[in-house]
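# Residue-level structural notes
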Amino acid sequence: MHKFFCNYNNITEKYELSHNKANIFNVRINAEEENNIMQEIQNGIQNLYDLITKIKDYYKDDENLALLNETELLLSNLYYSFFASPLQLTEENKENVELKSLLTKAFEEANNLEKLINIPEYNRLIEIIANNLQVLLNRI
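Below is a summary of the structure that appears in this document. All figures in this text were calculated on a predicted structure; none of them were measured in a lab.

Conventions and cut-offs
- Residues numbered from 1 in each chain as written.
- Predicted model: local features only at pLDDT ≥ 70, side-chain atom pairs only at ≥ 80, totals over all residues.
- Heavy atoms only, no water.
- Helix = DSSP H or I, 4+ residues; strand = E, 2+ residues; numbered from the N terminus.
- Expected span 1.5 Å × (residues − 1).
- Buried < 20%, exposed > 50% of the residue type's maximum accessible area, 1.4 Å probe, protein only.
- Salt bridge = Lys/Arg side-chain N within 4 Å of Asp/Glu carboxyl O.
- Axes fitted to C-alpha atoms, helices over the stretch in contact; angles between N-to-C directions.
- Parallel < 35°, antiparallel > 145°, perpendicular 65-115°, else oblique.
- Left-handed = near helix turned anticlockwise from the far one by under 90°.
- Contact = heavy atoms within 4.5 Å.
- Nonpolar A, V, L, I, M, F, W, Y, C, P; charged D, E, K, R; others polar.
- Phe/Tyr/Trp six-rings, centres within 6.5 Å; stacked < 30°, edge-to-face > 60°.

What follows deals with helix 4 (residues 120–138). Counted at 1.5 Å a residue, the expected span for helix 4 with its 19 residues is 27 Å, and the 26 Å between its end C-alpha atoms agrees. Turning to helix 4, its buried residues number three or more, namely Tyr122, Asn123, Leu125, Ile126, Ile129, Ala130, Asn132, Leu133, Leu136 and Leu137.

Now the structure itself:
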């Protein structure tokens with residue numbers, strides 16, 4: 001498991017995750033905010049995974065399922081690299097939700113994760129996930 005630091009971004013005026021430690025001032029606030037951000041990232045990745053598994057139920061063709069499987073694998077790797085544990089499996093939930101709505105929520109969740117993380121290699125994974133979701137959204 002990697003060590004991450006929480007830094008305050010003066011441009012966005014928000015805390016974000018980074019590999020670099022900014023300064024020694026406000027260490028207590030940074031530690032508290034780091035815990036909050038890590039929890040937000042964990043919940044965001046889990047929510048995105050849940051949405052992707054629901055989206056997979058709507059598709060039957062191999063091309064879209066392959067794209068979703070790639071997205072699910074990337075998301076699983078992202079989660080494991082942060083938390084050194086596998087994602088929680090989702091429960092079967094057969095609520096009737098429109099596919100476009102699920103894809104939109106998933107795309108927004110990916111964008112939120114990208115805003116929280118300021119580490120290029122992880123943002124690249126999130127961008128690929130968001131692009132895959134955008135491709136699926138465009139195909140509707």
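Here we come to the pattern of salt bridges. Per the stated rule, a full pass over the model turns up two salt bridges. In this structure, glutamate 72 engages lysine 56 in a salt bridge whose closest nitrogen and oxygen atoms are separated by 2.7 Å. Taken as a pair, glutamate 72 in helix 2 (residues 62–83) and lysine 56 in helix 1 (residues 27–56) lie far apart in primary sequence, 16 residues in all. Judged by its relative accessible area of 22%, lysine 56 falls in the partly exposed class. For arginine 139, the salt bridge identified is with glutamate 63, shortest N-O distance 3.1 Å. In this pair, arginine 139 is assigned in the segment after helix 4 and glutamate 63 in helix 2, connecting sequence segments 76 residues apart.

What follows is about the environment of leucine 73. By the element assignment, leucine 73 lies in helix 2. Judged by its relative accessible area of 53%, leucine 73 falls in the exposed class. When the C-alpha positions of leucine 73 and tyrosine 49 are compared, they lie 9.8 Å apart, and in sequence the two are 24 residues distant.

Their axes nearest at 9 Å, the elements helix 3 (residues 99–116) and helix 4 cross at an angle of 160 degrees. What the angle tells us is that helix 3 and helix 4 run roughly antiparallel. Crossing handedness for the pair helix 3 and helix 4: left-handed. Residue-level inspection shows Lys100, Leu103, Thr104, Ala106, Phe107, Ala110, Asn111, Leu113 and Glu114 of helix 3 in contact with helix 4, the latter providing Asn123, Ile126, Glu127, Ala130, Leu133, Gln134, Leu136 and Leu137. Across the contact of helix 3 with helix 4, the residue classes break down as 10 nonpolar, four polar and three charged.

A separate point is the packing of aromatic side chains. Under the definition given, this model contains three aromatic pairs. Where tyrosine 79 meets phenylalanine 83, the ring centres are 4.9 Å apart and the plane angle is 45 degrees; that geometry is what we call tilted. Here the residue tyrosine 79 and the residue phenylalanine 83 both occupy positions in helix 2, the gap between them amounting to four residues, near one helical turn. For the pair formed by tyrosine 79 and phenylalanine 83, the shared burial category is buried. Ring centres 5.9 Å apart and planes at 40 degrees place the aromatic pair phenylalanine 82 and phenylalanine 83 in the tilted group. Classification of phenylalanine 83 as buried rests on a relative accessible area of 15%. Aromatic rings pair up to connect Tyr79, Phe82, Phe83 and Tyr122 into one cluster.

Moving on, we get to the environment of leucine 74. If you trace the backbone, leucine 74 turns up in helix 2. Separated by 55 residues in sequence, leucine 74 and isoleucine 129 place their C-alpha atoms 7.1 Å apart. Each residue touching leucine 74, except ones within four places of it in the same chain, is listed here: Leu125, Ile128, Ile129 and Asn132.

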